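What follows is each chain in one-letter form.
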Amino acid sequence: MAELLFTNHVEQALDRAVDTLAPSGVFVLTDSNTASFVLPRLQGISRAVGEGKAIVIPAGDDHKNLDSLSAIWRELTEKGATRSSVLINLGGGVVTDIGAFAAATFKRGMNFINVPTSLLGAVDASVGGKNGINFAGLKNEIGLFSDAALTIISTTFFNTLTSQQLLDGYAEMLKHALISSQEMTARLLAYDITGYTPEPLLNLLKENVGVKVHYVEADPGDRGCRHALNLGHTFGHAFESMAMERGTPLSHGYAVAFGMVAALILSHLELDFPTEWLNRYVTFVKENYGGFAFDCRDTDRLVALMLHDKKNTTAGRINFTLLRNVGQVEINRPASRSNIRAALEIYRDMVL
Ligand SMILES: NC(=O)c1ccc[n+]([C@@H]2O[C@H](COP(=O)([O-])OP(=O)(O)OC[C@H]3O[C@@H](n4cnc5c(N)ncnc54)[C@H](O)[C@@H]3O)[C@@H](O)[C@H]2O)c1
Ligand SMILES: [Zn+2]
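In this text the structure is predicted, and so the values were computed from the model without any measurement.

> Before we go on, may I ask you to explain the pairing of strand β7 (residues 138–142) in this structure?
On any regular strand, side chains alternate: one points to one face of the sheet, the next to the other face. Pairing geometry for strand β6 (residues 133–135) and β7, over two bridges, is antiparallel. If you follow Ile133 over to β7, its bridge partner there is Ile142. Remark: two residues form the turn of the hairpin made by β6 and β7, two consecutive strands paired antiparallel; Ala136 in that turn has positive phi of roughly 55°.

> Explain helix α14 (residues 299–308) here, please?
Residues separated by three or four positions in an α-helix point in the same direction, a consequence of the helix having 3.6 residues per turn. Those residues of α14 that fall on the buried side of the exposure criterion are Thr299, Leu302, Val303, Leu305 and Met306. For α14, the angular spread of the buried residues around the axis is 160°, confining them to a single face. Of the surrounding secondary structure, the elements contacted by the buried residues of α14 are α11 (233–245), β9 (313–314), β10 (317–325) and α15 (337–351).

> Before we go on, may I ask you to explain the site of ligand 1 in this structure?
Neighbouring ligand 1 are 26 residues; Asp31, Asp61, Thr117, Ser118 and Thr160 lie closest to it. The backbone of Lys130 places a nitrogen or oxygen atom 2.9 Å from a nitrogen atom of ligand 1. Alone, ligand 1 offers 860 Å² of accessible surface; in the complex the protein occludes 86% of this. At the level of secondary structure, the elements contributing two or more residues to the shell around ligand 1 comprise α2 (32–37), α6 (93–105), α7 (119–125) and β7. With four residues, α7 is the largest single contributor of residues to the shell around ligand 1. Each residue belonging to the shell around ligand 1 can be placed in one class, and the counts come to eight nonpolar, ten polar and eight charged.

> It is not clear to me how the nonpolar core should be interpreted in this structure. Could you clarify?
The nonpolar side chains of a soluble globular protein tend to be buried with one another. Counting 76 residues, the largest nonpolar core has Phe235, Phe239, Tyr281, Tyr289 and Tyr347 as its most contacted members. Among the elements that line this core, the one with the most residues is helix α12 (residues 252–271), at 13 residues. Setting aside residues no more than four positions away along its own chain, Tyr281 makes contact with Leu174, Leu178, Leu189, Val256, Ala257, Met260, Val261 and Leu264. Counting 22 residues, the second largest nonpolar core, distinct from the first, contains Leu69, Val95, Ala102 and Phe112.

> So what exactly am I meant to see when it comes to the sheet that holds β9 here?
Think of a sheet as strands paired side by side through backbone hydrogen bonds, with each pair either parallel or antiparallel. Ordered in space as β9-β10-β11, the three strands form an open sheet in which the pairing is antiparallel. The sheet is open, and its two edges are formed by β9 and β11 (328–334), each paired on a single side. The sheet contact formed by β9 and β10 spans two bridges and is antiparallel. The residue of β10 that forms the bridge with Thr313 is Ile318. Lying over the sheet, α12 contacts β10 and β11, oriented at roughly 80° with respect to β10.

> I'm lost on the coordination of the zinc ion (ligand 2) in this one. Help?
Six octahedral donors around a metal ideally make angles of 90 or 180 degrees; four tetrahedral donors ideally make 109.5 degrees. Looking at the zinc ion (ligand 2), the protein donor atoms are Glu172 (OE), His233 (NE2) and His252 (NE2), and they sit 2.0 to 2.1 Å from it. Each donor residue of the zinc ion (ligand 2) lies on one chain, and together they are spaced E-x60-H-x18-H. Linking Glu172 in helix α8 (residues 163–178) with His252 in helix α12, this pair joins segments that are 80 residues apart in sequence. Look at His252 and you get partly exposed, because its relative accessible area is 24%.

Calculation notes
- Residues numbered from 1 in each chain as written.
- Chains lettered and ligands numbered in written order.
- Predicted model: local features only at pLDDT ≥ 70, side-chain atom pairs only at ≥ 80, totals over all residues.
- Heavy atoms only, no water.
- Pairing = 2+ DSSP bridges.
- Helix = DSSP H or I, 4+ residues; strand = E, 2+ residues; numbered from the N terminus.
- Buried < 20%, exposed > 50% of the residue type's maximum accessible area, 1.4 Å probe, protein only.
- Arc of directions from axis to C-beta.
- Contact = heavy atoms within 4.5 Å.
- Near = heavy atom within 4 Å.
- Polar contact = N/O pair within 3.5 Å; in protein donor to acceptor, adjacent residues only side chain to side chain.
- Areas by Shrake-Rupley, 256 points an atom, 1.4 Å probe, with all protein chains shown as cover.
- Nonpolar A, V, L, I, M, F, W, Y, C, P; charged D, E, K, R; others polar.
- Core = buried A, V, L, I, M, F, W, Y, C linked by side-chain atoms within 4.5 Å.
- Axes fitted to C-alpha atoms, helices over the stretch in contact; angles between N-to-C directions.
- Donors = N, O, S within 2.8 Å, 3.2 Å for Na, K, Ca; no water.

Put into structure tokens, the structure is as follows:
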């Protein structure tokens, strides 16, 4: 696993890491938003970033594609990057995913440092070695497992994120809590992420990212117990796809927040997950995220979307990550079709 550093002195950590790597050149990848919100803040105080050559791609997951990847490779070539150069990925999950993939493949692999600037990037996307791009209409279709030389996690850059962007990342933090501990879950359900202060949030992140690190180290290739990290994602991806079909896209974090409601209901039906925790989580989601609305006629479509999600199906069975209790995970559980439908009906009663 890549080294992770938690600090709000990003410039010092970056300069030290770059000094240690002694690269032939420094390149800094941002998207069009982090180019204006984040890059100027570091250029003045970090020698490495100040001297680095900037590469900018358009913002948004739609641009995590072959065109942007090719533009990055081209700029690296034209600006004289070599195999012993370093690429600093300064941005959200899109920048760390595509930047890591570009670096890992450029001249058979150059070093890269991830500096996540979104909460989702800090808590999820920049940790764990997965990178890649979307291709042929499929999310993360092409990519590699490849470790950063260093990932620097800080809360310094979050003050230009919207509340919605904070809540997006917070859904993955809640997921980490639900799969690991009642105590952490209770604390996160009482925390106000949109009113965070930097140092306490950094401490929270350190603990919370530790949950992902635990699973990544136990299952680096994502073939077994790392599936615990899929909690809420089977339902969540179906909600995301349905929202896309309606032309009103739902962000990934919100979809996961709602997906975990359905997953906890299904956990109750299949494994007797306690109603007390279910109610506490649902109350938090309603207050902070609202709900994803669908009617009973949409249930068939949602089941069909889950069946199309190849990652979660084997021989026509839909597999779920479920909880017996908070902190007690059961992976690859093929739920009965009637319970899946029942979970969606109960979701409508509870959330809408
Ligand atoms: N590799 C993995 O394991 C993994 C895990 C989870 C998600 N992901 C990927 O991560 C991506 C989602 O991550 P994301 O939500 O960070 O997306 P993102 O990179 O698109 O960032 C969201 C938005 O916030 C902006 N932004 C980022 N930092 C900012 C800042 N400090 N101030 C203002 N605006 C800022 C971005 O420009 C973008 O518009 C998806 O592509 C997803 O597939 C990867
Ligand atoms: Zn996710």
